[in-house]
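Structural features, examined
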Amino acid sequence: MKFSLGANQYYWPKATIAEFYQQAATSNADIIYLGETVCSKRRELRQKDWLNLAKELAKTNKQIVLSTMALLEAPSEVMLLQKYCANGEFIIEANDVGAIELCRQNKVEFVCGQAINAYNAPALKRLLGMGMQRWVTPVELGRDWIKQTLDELDSQNLRAKFEVEIQAYGHLPLAYSARCFTARSENKSKDECQLCCINYPRGRLVDSQEDKQLFVLNGIQTMSGDCYNLSNDIASMENLIDVIRISPQAENTFTILDDFIAREQHSEYRKLPTNHANGYWHEIAGMQTI
Amino acid sequence: MELLCPAGSLPAVKAALEHGADAIFIGMNNETNARHFAGLNFNDKRILQAANLINQQNKDLHIAINTFARPGDFKAWKYSVDKAVDIGAKALIIADMAVLDYAADKYPQAEIHLSVQASATNKAAIDFYRNNFNIHRVVLPRVLSLQQVKQLSRQTDIELEVFAFGSLCIMAEGRCYLSSYLTGESPNTVGACSPAKYVNWQQTDDGLESRLNDVLIDRYQDDENAGYPTLCKGRFKVDDNLYHALEEPTSLNTIDLIPELAKANIASVKIEGRQRSPAYVATVTRLWRQALDKYQQDPENYRADPSWMTELGNISEGSQTTLGAYHRSWQ
């Protein structure tokens, strides 16, 4: 099993990002995804900064992947994406099919990100033909769905041609909107957001009127209220999942990463903390826990 | 601009035809369509009747096959595609790459419209689907501002269809998993958002409570209108603020924007609501027909009639309407 750090979903100050990736460089992660995937107004690091960071991190033995935006609305965003796809050095994590099209034009291989709806074997077969190296499973798919899909590809001798990755830790990106919900929570419009999401390094919690933690607001993204946590499910990923993804957290990311690595070697059941869930993997509501 | 109206039953098809639809979109009563609700939609016999009614009046039939195929069950999606072609539908509305691949390969002459559930919001994404699956038209997600719709229209010569009226999805369609997070079922996987079987209403001392899979979505006092607990339209708490954290119960209404949409070269305006009654279909179709005809007759002096707004408001969620993402201040 390999382990990856997904692209950071939150908006952190430049110094915090730098510090995080300094630690990432010496961490036990095999793969590091870099880049802004949520909102093009988040520019603590600009494109050249991300590319420089990628070059720096590439000096370690890790695979570096440039992650790209999930929701592309303005032509300027597509132009920036085009520059990423033409970087000439790093492969791309596509989070919109537009990135796949630009990768194809630039003859760049890609990781099919979790925001792309590749739900079944015929879709993955087409994506393989376009240069897909790795499939990050859509957040709502569980083990049985993934297994059936991969079995079908195996029967066509296609399974060995790509890797399968799953986000195993962190709040799940559940939706993308034109609206910025963090700005809305401060009574601001998106055009006058003042980049207020930088004040919420863990996003903003949304609770029901009965204090059940439902969602996390993260700019235009709505995330799961519970932290997805598949630490008890690593054994059931055997022969299915090649890469376990840890989504960067404001605290303890590398302790969590090391814990997952240790749990792969010695699996032991531990009760999940409050507000953690693993429902999707078990084909039930995402917020539930088995 | 084509007026494209929804129908979940034969009476709704008749209502749309009677009140001036140019085209009607429907789906089969199986999991291949993103409005898969009990008691709605068309079996093999009914879909043929619908096709005949629509053909007799020289109107167009579009069939939505716009969920994502479950592994092992792909035959259901193939069946829907085969059936749609067999009964002579003018267009197939498809989202899943697997289904697009099947339809484009088996029926190269079929007119394929990219469903809103495929979430194509930019030129590169449109090129992706066009180059790989020979699509003819794109239904744009309800996340673009009017300015962005215009920019996109200038960048591509593919036909564009926009949502003009009806329930407002505030997330990029096809990429919203909120429903499966709470219930295990989503538009992508089973063709339903916030499915009715998980809904529960209870009168309590604190007010009328609506729940989805036991999660409290909203609580209404006696003087408040209670709405269906679509989970993105509930009242939740952020810190100590209780408000509609994502969106209020409201419907999209762009009847004011007809001139702008026409200038943006929009091919078709779509009315949402296959799950709504024939009376709803009749009212919306009649008013939008009037509006489009009025614009056609005198584009320079087009103004939405206040009485249309009142009537449309009455059949809207929460009795209120919005321009949604088309207007930047909403975002």
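Description of the structure in this document. Please read these numbers as outputs of a predicted model, since none were measured by experiment.

Some thoughts on the overall build of chain A
Assigned secondary structure in chain A consists of eight helices and 12 strands. Here the C-alpha atoms of chain A give a radius of gyration of 18 Å, agreeing with the 19 Å that 2.2 N^0.38 yields for 290 residues. Dimensions along the principal axes, computed over C-alpha positions, put chain A at roughly 50 × 50 × 35 Å. By residue count, 51% of the 290 residues in chain A fall in the buried class. The long-range share in chain A, meaning contacts at least 24 apart out of those at least 6 apart in sequence, stands at 66%.

Let's talk about the sheet that holds strand β9 (residues 207–212) of chain B
Residues and elements named next belong to chain B. Read across the sheet, three strands follow the order β8-β9-β10 without closing on themselves; strand pairing throughout is antiparallel. Each edge of the open sheet carries a strand with a single partner, namely β8 (199–204) and β10 (215–220). Strand-to-strand, the axes of this sheet are offset by a mean angle of 25°, without reference to chain direction. Sheet topology places β9 next to β10; five bridges connect them, and they run antiparallel. Following the sheet pairing, Leu212 is matched in β10 by Val215.

Considering the packing of helix α4 (residues 97–105) of chain A against helix α5 (residues 123–133) of chain B
Close contact between α4 of chain A and α5 of chain B brings their axes to 7 Å; oriented N to C, the two are set at 70°. By the angle class used here, α4 of chain A and α5 of chain B are roughly perpendicular. Touching Val97, Gly98, Ile100, Glu101 and Leu102 of chain A of α4 of chain A are Ala124, Ala125, Asp127, Phe128 and Asn131 of chain B, all from α5 of chain B. When its residues are assigned to classes, the contact of α4 of chain A with α5 of chain B shows six nonpolar, two polar and two charged.

Examining the interface of chain A and chain B
Residue-level contacts link 55 residues of chain A with 55 residues of chain B. Sort the elements by how many residues they give to the side of chain A that touches chain B and α4 of chain A lands first, with five residues. Classifying every residue of the side of chain A that touches chain B gives 29 nonpolar, 13 polar and 13 charged.

Describing the pairing of strand β4 (residues 91–94) of chain B
Residues and elements named next belong to chain B. Neither face of β4 is exposed, since Ala91 and Ile93 on one face and Leu92 and Ile94 on the opposite face are all buried. As defined by bridge partners, strand β3 (residues 60–65) adjoins β4 across four bridges and the pair is classed as parallel. For Ile63, the partnering residue across the bridge sits in β4 and is Leu92. Once the chain exits β3 it traverses helix α3 (residues 74–86) before rejoining the sheet at β4, and the crossover so formed is right-handed.

Observations concerning helix α6 (residues 146–155) of chain B
Residue and element names in this part refer to chain B. When α6 is considered as a whole, its buried residues turn out to be Gln148, Val149 and Leu152. For α6, the angular spread of the buried residues around the axis is 105°, confining them to a single face. Along its buried surface, α6 packs onto α5 and β7 (159–167).

Definitions and limits used
Residues numbered from 1 in each chain as written. Chains lettered and ligands numbered in written order. Predicted model: local features only at pLDDT ≥ 70, side-chain atom pairs only at ≥ 80, totals over all residues. Helix = DSSP H or I, 4+ residues; strand = E, 2+ residues; numbered from the N terminus. Rg over C-alpha atoms; globule rule 2.2 N^0.38 Å. Buried ≥ 20, exposed ≤ 12 C-beta atoms within 10 Å, placed from the backbone. Contact = placed C-beta atoms within 7 Å. Pairing = 2+ DSSP bridges. Axes fitted to C-alpha atoms, helices over the stretch in contact; angles between N-to-C directions. Parallel < 35°, antiparallel > 145°, perpendicular 65-115°, else oblique. Nonpolar A, V, L, I, M, F, W, Y, C, P; charged D, E, K, R; others polar. Right-handed = clockwise from strand over helix to strand, strands pointing away. Arc of directions from axis to C-beta.

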